[in-house]
Amino acid sequence: MTALARRLLIWYRQNKRILPWRDHPDPYAVWISEIMLQQTRVDTVIPYFERWLAHFPDVESLASAPEQDVLNHWEGLGYYSRARNLHRAAQVLVDEYDGQLPVDVETLQNLPGIGRYTAAAIASMAFGRDAAALDGNIRRVYARIFNIDEPLGTTQAEKTFWDLAEEVLPLGEAGDYNQALMDLGATICSPRSPVCEECPINDLCQAYALGVQDARPVRRAKKALPHYVHAAAVIVEDGRVLLAQRPADGLLGGMWEFPNGRVDDDPAEGLAAVIESGYQLKVKILNPLGEVRHAYTHFKVTVYAFRCDLIQSSPKENLRWVAVGDLDAYPMGKVDRQIALKMGQTEQ
């Protein structure tokens, strides 16, 4: 075992964060937490994780649940393909693995939504397998310890990181070691202003010795995100509101939204045309409800919402009249949930 691994393990066992999935006896809990933690902060995940396990306590309950129920319990975490993949993977586990998670990395990677890192994290933490893990926190720690100056995301950088991760992995201690690296990255070796003086391995850190820790890891310049403007129609009749369900595949797949479309100029002027072309609905615009801004991974959007009356419609399968009081039962993205809240405020 290297000095790096030995000292990290000692530090971890004295300082590890208390998390509801850590040292959990059920591998299912480790799997759920790892999927939730993708692209999401720990403090955000904790209440979602606890509610999820209360509602879906095991693989069988998740596999048998309606997709809408799954999406409802995921709402607010974003990246909804993670929830749909969890649902599909649970069904595969019930059908092909007797409801049990596989113990090895290669088989885990065959499940929907599980890539190389997640498979290694589950195998090491839930089953004690010697599997090196590499997430954003661990990449940052290694970039500083070994002064890696290759830009993140490049093929060469990924090879360098994975080769190092496997080279220094302490056999028989992979689960704790991987979590030690994650905790160090989250609490001390942070993206900005790392607390190097408190780091248990600062004398082993090449970037710290050179004074370049703030410049590691090296990141490629980000492209400016495009910005789109949408207009949304909030159509209410007799205590019901008209919702549209998004296609199962793609962004916010299976979620519900207010009929909307991209507009080029004035949102109020463009709304009627995009609603007619996109939904075969003719509407009369009444009054504005407000605007909602949101940033997705690859673009930003501003949505202007308007109360509308329905003049004429041609029924479409993805449209549904929903009682205003039942809106919480329909999973929505953040933009449409904000519009629903604005609508509720005007209805009061």
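Residues numbered from 1 in each chain as written. Predicted model: local features only at pLDDT ≥ 70, side-chain atom pairs only at ≥ 80, totals over all residues. Heavy atoms only, no water.

**Student:** Which parts of the structure should I look at to understand the packing of aromatic side chains?
**Tutor:** Aromatic ring pairs are described here by two measures, namely the spacing of the ring centres and the angle between the planes. One pass over the full model with this rule turns up eight aromatic pairs. On the numbers, 5.7 Å between centres and 85 degrees between planes, the contact of W52 with W74 is edge-to-face. In this pair, W52 is assigned in helix 3 (residues 42–55) and W74 in helix 5 (residues 67–74), connecting sequence segments 22 residues apart. Overall, W52 belongs to the buried group, its relative accessible area being 0%. The exposure class assigned to W74 is buried, which follows from its relative accessible area of 0%. Over the aromatic face of Y48 sits the side chain of R51, whose NZ or CZ is 4.8 Å from the ring centroid. The ring of Y228 carries the charged tip of R262 above its face, separated from the ring centre by 3.8 Å. (Phe/Tyr/Trp six-rings, centres within 6.5 Å; stacked < 30°, edge-to-face > 60°. Helix = DSSP H or I, 4+ residues; strand = E, 2+ residues; numbered from the N terminus. Buried < 20%, exposed > 50% of the residue type's maximum accessible area, 1.4 Å probe, protein only. Lys NZ or Arg CZ within 6 Å of the ring centre and 35° of its normal.)

**Student:** So what exactly am I meant to see when it comes to the nonpolar core here?
**Tutor:** One recurring pattern in soluble globular proteins: nonpolar side chains tend to sit buried together. Ranked by internal contacts, the top residues of the largest apolar core, which has 97 residues, are W31, I32, W52, L62, Y177 and F258. Beyond its immediate stretch of four places on either side in the chain, L62 contacts Y28, W31, I32, W52, F56, V70, L86, H87 and A90. If you look at the next biggest cluster of nonpolar residues, it comprises 16 residues, including I235, A244, V263 and F306. (Core = buried A, V, L, I, M, F, W, Y, C linked by side-chain atoms within 4.5 Å. Contact = heavy atoms within 4.5 Å.)

**Student:** For this particular structure, what's the right way to read the pairing of strand 6 (residues 300–313)?
**Tutor:** Looking down a regular strand, the side chains alternate between one sheet face and the other. Of the pairings in the sheet, the one linking strand 1 (residues 227–237) to strand 6 comprises nine bridges and is parallel in character. Bridging across to strand 6, A232 finds its partner in A305. Here strand 5 (residues 281–295) pairs with strand 6 via 13 bridges, running antiparallel. Bridged to K284 within strand 6 is D309. Hairpin connection between strand 5 and strand 6: a loop of four residues separates the two successive antiparallel strands. (Pairing = 2+ DSSP bridges.)

**Student:** Is there a simple way to think about the side chain of S33 in this case?
**Tutor:** Looking at where S33 falls in the secondary structure, it is placed in helix 2 (residues 27–37). Within the local environment of S33, its side chain forms a polar contact with the backbone oxygen of V30, the two atoms lying 2.8 Å apart. Once residues lying within four places of it in the same chain are set aside, the contact partners of S33 are W21 and F49. (Polar contact = N/O pair within 3.5 Å; in protein donor to acceptor, adjacent residues only side chain to side chain.)

**Student:** Before we go on, may I ask you to explain the pairing of strand 2 (residues 240–245) in this structure?
**Tutor:** Two strands pair when backbone bridges link them, and strand 1 and strand 2 are joined in this way by two bridges, in the antiparallel orientation. Paired with E237 across the strands is R240, a residue of strand 2. Direction of pairing for strand 2 relative to strand 7 (residues 319–323): antiparallel, over a ladder of five bridges. Counted as the bridge partner of A244 is L319 from strand 7. Here strand 2 pairs with strand 3 (residues 256–257) via two bridges, running antiparallel. Across the sheet, residue Q245 finds its bridge partner in strand 3, namely W256.

**Student:** Looking at this structure, how should I read unusual backbone geometry?
**Tutor:** Residues apart from glycine generally show negative phi values, whereas peptide bonds are mostly found in trans. For the peptide bond that leads from R216 to P217, omega is 0 degrees, which places it in the cis range. Topologically, P217 is positioned in the loop between helix 12 (206–210) and strand 1. The backbone of Y79 sits at a positive phi, close to 45 degrees, despite the residue not being glycine. Turning to its location among the elements, Y79 is positioned in the loop between helix 5 and helix 6 (81–96). A positive phi angle is found at Q280, which is not glycine, with a value near 55 degrees. Note on Q280: relative accessible area 35%, which makes it partly exposed.

**Student:** Explain the pattern of salt bridges here, please?
**Tutor:** Opposite charge on two side chains lets them pair, provided their charged atoms get close. As enumerated under the stated definition, the model contains 14 salt bridges in all. Between D176 and R13 there is a salt bridge whose closest N-O contact spans 3.1 Å. Here R13 lies in helix 1 (residues 3–15) and D176 lies in helix 11 (residues 174–187), a separation of 163 residues in the sequence. In this structure R13 comes out as partly exposed when scored by relative accessible area, which is 44%. R337 is paired through a salt bridge with E75; the nearest N and O atoms lie 2.6 Å apart. Here R337, found in helix 14 (residues 334–347), pairs with E75, found in the loop between helix 5 and helix 6; they are 262 residues apart in sequence, far enough to count as distant. Taking relative accessible area as the criterion, E75 reaches 16% and is therefore assigned buried. Sharing partners across several salt bridges, the network here consists of R13, E173 and D176. (Salt bridge = Lys/Arg side-chain N within 4 Å of Asp/Glu carboxyl O.)

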